[in-house]
Amino acid sequence: MICKQCGKEFTPGHGNQKYCSVECRSKSKNLLDHQYYNTKKHEKTLEIIECEYCHKKFTKNHGNQKYCSIDCQYNAELEKNADYRMKSYHKNKKRGGDKFWGVGSGGLGPHRHNDPDLELLKIRNELKRLNLVK
Ligand SMILES: [Zn+2]
Ligand SMILES: [Zn+2]
C-alpha cells in the first residue's frame, strides 16, 4: 500500500488505512481542509466573467461588474446611447411619413422667408394643401 500523503510504501494495519502514519493522515486532512477553504474563498470572491464589451475574460471584483475596465464600461454606455438615438431617429422618421399629419409636418419649414410676398404665398399654398381655405 502506498501512503497518499508521503508516497511511502507501508503495510496497512486495517482495511481502509490510506496513510502510513497518524502524522501523514493529519497532514493530509489539513491539506484537504486548506484546499476546501481556498475553493470556497475562490468561489466567493473571484468570479471569472466575460466583459460585455470586449468579451475578454476577467476577474469580477464587485457584484454588478459587467466590464473588464472603466474604458469598456464607458464605450459600452456610449454605444448603448448611440443605438438608442438611432432607433428613436428611425421611429421619428417613420412617423414623419406622407400619411402622418401632426406637429412639424407642415410644408412651411422652421424659418420665415426673407421675402414677405413669398412667405405669404407659401402660407397660402400650405393652407390650400391642408384644405383650410377654398
Ligand atoms: Zn506517509
Ligand atoms: Zn472589456
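Rules and cut-offs
Residues numbered from 1 in each chain as written. Chains lettered and ligands numbered in written order. Predicted model: local features only at pLDDT ≥ 70, side-chain atom pairs only at ≥ 80, totals over all residues. Pairing = 2+ DSSP bridges. Helix = DSSP H or I, 4+ residues; strand = E, 2+ residues; numbered from the N terminus. pLDDT = per-residue confidence, 0-100. Expected span 1.5 Å × (residues − 1). Buried ≥ 20, exposed ≤ 12 C-beta atoms within 10 Å, placed from the backbone.

This part covers the pairing of strand S1 (residues 47-50). Relative to strand S2 (residues 57-60), S1 is paired through four bridges, and the arrangement is antiparallel. Residue pairing for S2: Ile48 is matched across the bridge by Thr59. Connecting the antiparallel pair S1 and S2 is a turn made up of six residues, with His55 showing a positive phi of about 60°.

Before going further, it helps to spend a moment on the confidence of the model for the protein chain. When pLDDT is averaged across the protein chain, the result is 78; 75% of the residues are at 70 or more. Model confidence for the protein chain, summarised as mean pLDDT per element, is weakest for helix H1 (residues 22-45) at 73 and strongest for S2 at 91.

The next point concerns helix H3 (residues 116-129). Every α-helical turn comprises 3.6 residues, leaving residues that sit three or four positions apart pointing alike. For H3, which comprises 14 residues, the first-to-last C-alpha distance of 20 Å matches the rise-based estimate of 20 Å (1.5 Å per residue) to within 8%. Little of H3 is tucked away: zero of the 14 residues are buried. Count one or two residues on from H3 and you reach Asn131, which has phi positive near 60°.

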